[in-house]
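Residue strings, one per chain:
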Amino acid sequence: MRIRNFGFIVLLCCAACHQEQKKQDTSAKLGDTVQSTQPLDTGSFLTGKSTYQYLKNGDTISLSITVDGEKVQGDLSYAWKEKDRNKGHIDGVLKGDILTADYTFSSEGQESVRQVIFKLSKERALEGYGAMEEKAGKMTFADPKKIAFDEKFALENLAKGQ
């Protein structure tokens, strides 16, 4: 149980770091925004299989999904340089270009569940960040309406242009 709590604390700290980074970056230049405010290009690509990946500075995030109507299933993994890795399965729904899913993953031998949100487009997937709380044994967003989509870790569609 201590390891699970430690894992949730690490996830919350990572989210807080992302929030602090956004505050610092927005004071730079107007053109250097890290939060997406424009709607992303959506279309018929939101059907079938898609694979998105972030690969930079030794960090890797991979998202492979299969979309069937509003139902989405797939795999998600995070491999941060010099940090714990976690890999698991997502099961969720797609409303417009927003994917909301439960991410069941293993990290350090413990299985956990947390909610994830991605804004999908033909070119990329942006993960949503926000305050989280534990409900019924899983971490969920406290207020899904207050999600920030961070372009710092934009996952590129590996099949874009096809």
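Model, not experiment: these values are computed from the prediction.

1. What about the side chain of Thr 140?
Of note, Thr 140 is situated in strand β9 (residues 138-141). Filtering out sequence-adjacent residues up to four positions away, Thr 140 remains in contact with Gln 115, Ala 131, Met 132, Glu 133 and Lys 135.

2. Remarks on the pairing of strand β6 (residues 110-120)
The element β6 is extensively covered by neighbouring structure, given that eight of its eleven residues are classed as buried. Where strand β5 (residues 98-107) lies against β6, ten bridges are found, and the strand directions are antiparallel. Pairing of Thr 104 across the sheet is with Val 113, part of β6. With three bridges connecting them, β6 and strand β7 (residues 124-129) associate as antiparallel partners. Residue Leu 120 lies in a different strand from β7, and its bridge partner there is Ala 125. Two successive antiparallel strands, β6 and β7, enclose a turn made up of three residues.

3. A word on unusual backbone geometry
Located in the positive-phi region is Asn 57, a residue other than glycine, with phi close to 55 degrees. Position of Asn 57 relative to the elements: it lies in the loop between β1 (48-56) and β2 (59-68). In this structure, Glu 82 is a non-glycine residue whose phi angle is positive, near 60 degrees. The residue Glu 82 is located in the loop between β3 (71-79) and β4 (85-95) in this model.

4. Details of the confidence of the model for the chain
Per-residue pLDDT for the chain averages 78, and the proportion of residues at 70 or more is 70%. Within the model, the stretch residues 1-44 combines pLDDT values under 50 with 50 contacts to residues more than four positions away or in other chains.

Quick notes on the rules
Each residue is numbered by its place in its chain's sequence as written, counting from 1. pLDDT decides what is reported in this predicted model: residues at 70 or higher carry local features, side-chain atom pairs at 80 or more are listed and counted, and totals for whole chains, interfaces and linings draw on all residues regardless. Calculated side-chain values reflect all of the structure's heavy atoms, with hydrogen atoms and water omitted. Helix and strand assignments come from DSSP, with helices taken as H or I runs of at least 4 residues and strands as E runs of at least 2, each series counted from the N terminus. Contact criterion: two residues are considered in contact whenever any of their non-hydrogen atoms come within 4.5 Å of each other. Only protein chains enter the area calculation, which uses a 1.4 Å probe; residues under 20% of their type maximum are buried, those over 50% are exposed, and those in between are partly exposed. If DSSP finds at least two bridges between two strands, the strands pair. pLDDT gives the predictor's per-residue confidence on a scale running from 0 to 100.

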